[in-house]
Amino acid sequence: LTCVSGGKMGLLRKLWTNSLIGALIVLVVCALTVPFFLVFIGVFLFDATIVIGARLVYGKKKGGTRWSTKTTFQRRIQTFVVFIWLFQGIACLILFGFTTIVWPVALAVLLWTFLDPAPRRGGRPLKWVRYLPTFKYMRDFFPSELVMDKGANFNNKKNYLFVMHPHSAIMPFGWVVSYLSEANGWSKKTNGLDPRLITLPANFKIPFYHDLLLALGFADSGKSSILKILNSGPGKCACLVVGGAEEAVYSRPGYNDLVLDCRKGFVKVALEAGADLVPVYGFQENNVFDNLVADAKSHSLIARFERWHKRTFGFLVPLINGRGFFEYTWGILPRRVHVVDVVGKPIHVPKMEKPDQESIDRIHAEYKAALIDLYDRYKDVYDKNRKSPLKLVK
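Notes on the structure follow. Please read all numbers here as calculations on a predicted model, not as lab measurements. Just so you know, the residues in each chain are numbered from 1, in the order the chain's sequence is written. Given that this is a predicted model, residues contribute local features only at a pLDDT of at least 70 and side-chain atom pairs are listed and counted only at 80 or more, while totals for whole chains, interfaces and linings are drawn from all residues. Note that water and hydrogens are dropped before the side-chain values are worked out from all heavy atoms of the structure.

## Looking at the side chain of Asp-149
Turning to step 1, where the next piece is worked out: Runs of E in the DSSP output that reach at least two residues are strands. Runs of H or I that reach at least four are helices, and both are numbered from the N terminus. Along the chain, the position of Asp-149 falls in the loop between strand E1 (144–148) and strand E2 (160–165).
Turning to step 2, where the next piece is worked out: Whenever two N or O atoms come within 3.5 Å, that pair is a polar contact, provided that in protein one can donate a hydrogen and the other can accept it, and provided that, for residues adjacent in sequence, both atoms are side-chain atoms. Of note is the side chain of Asp-149, whose polar atom sits 2.8 Å from the side chain of Tyr-378.
Turning to step 3, where the next piece is worked out: Discounting residues that sit within four places of it in the chain, Asp-149 has contacts with Val-343, Gly-344, Lys-345, Leu-374, Arg-377 and Tyr-378. Any pair of residues with heavy atoms lying within 4.5 Å of one another is described as a contacting pair.

Laid out in structure tokens, this is it:
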């Protein structure tokens, strides 16, 4: 009534819209119970098949499996939460398959998924999602930590472009926990910045998954979408993993290979928006999975297939090995590794309507030097067992 009497119909409409979207998300999550159960059974059977196959191929000694027989119930919950996060896209596809029984519903869902402009307009996050307890279980699984470097102070009257390294084999898990939620104290440590995580447009083409990603705080990786975020008001920040799928191919335990020299588009976007660049390095991200292709530049059949898939579809999932539900040796779940995201000092970027190449190269060189310095100062603290230092492969 106060909103109406004061003429603030926009606020009332926003509250009503958020309530409807929130109710839709709850219904979708409830409806996902059956698909998640089916996916769980499939992953469990796949897990068991891998273990049996390893025994048959390598023998009992090399194929021996370390079983998690004495794990607490709390750790089981943590593992299940990470499983849900990894396979929620597949579960949404299964749920959409059920809706095809009633084709008008399936058609309506498809139209909404493909015509909804929210991903290209900076997203549509629901604030209460950031406080879900599931993120704390995910944080404690690894565990994940968010560390602010000396001088990493943020002004909520300015906008920032957070640039994350490395991509990891699937996704940077510390990026998910620290930026999408308050599990690691994001708002307190960044002075209340409002983040949007940037992901591929293809992820928004999956029915139901589309709305889950938007509620979580994801947005389209297109240039116009990022500029929309950075120009939508003070205190906004876009969080980008610039290495992308190409960097995922180089992900191996103990190595820190980055794709950065050939990536300068993020600098141009920062100049056009006048947003300061923030280097972020995720220590131990590459240790979460084993990459079964030892050399990304090899001419093996698997390596060539991965490169073809990347060229054709714009993304890829490397052939990996992690852990299973009830054992630690084989599987497609991530390993428990202490993941630490270190946030560096912001680099001032002036606003330019039409950035010239000289300015782009200068800011890029400054950013690269700041990132290398950030890694070198923390590598002996959070990356003691490294096999190779930071290396720019492209």
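## Digging into the nonpolar core
Turning to step 1, where the next piece is worked out: Throughout, nonpolar core names a set of buried Ala, Val, Leu, Ile, Met, Phe, Trp, Tyr and Cys residues whose side chains join them through atoms within 4.5 Å. Only protein chains enter the calculation, and the probe is 1.4 Å; a residue is then buried if its accessible area is under 20% of its type maximum, exposed if over 50%, and partly exposed in between. With 58 residues, the main nonpolar core has Met-138, Phe-162, Trp-175, Tyr-179 and Phe-218 as its most contacted residues.
Turning to step 2, where the next piece is worked out: Looking at this core element by element, the count peaks at 9 residues for helix H4 (residues 73–99).
Turning to step 3, where the next piece is worked out: Core analysis: the next-biggest nonpolar cluster, separate from the first, contains 38 residues, Ile-198, Leu-227, Leu-277 and Ile-363 among them.

## Some points on the sheet that holds strand E5 (residues 236–241)
Turning to step 1, where the next piece is worked out: Note on pairing: DSSP must find at least two bridges between two strands before they are called paired. Read across the sheet, 7 strands follow the order E1-E10-E7-E2-E5-E3-E4 without closing on themselves; strand pairing throughout is mixed. In this open sheet, the two edge strands, each paired with only one partner strand, are E1 and strand E4 (218–220). Strand-to-strand, the axes of this sheet are offset by a mean angle of 30 degrees, without reference to chain direction.
Turning to step 2, where the next piece is worked out: Relative to strand E7 (residues 276–283), E2 runs parallel, the two sharing 6 bridges. Bridge assignment links Met-164 to a residue of E7, and that residue is Val-280.
Turning to step 3, where the next piece is worked out: As a rule, the C-alpha atoms of each element are fitted with a line to give its axis, helices using only the stretch in contact, and angles between N-to-C directions run from 0 to 180 degrees. Where helix H10 (residues 223–230) meets the sheet, it contacts E2, strand E3 (194–199), E4 and E5, and its direction lies at approximately 145 degrees from that of E5.

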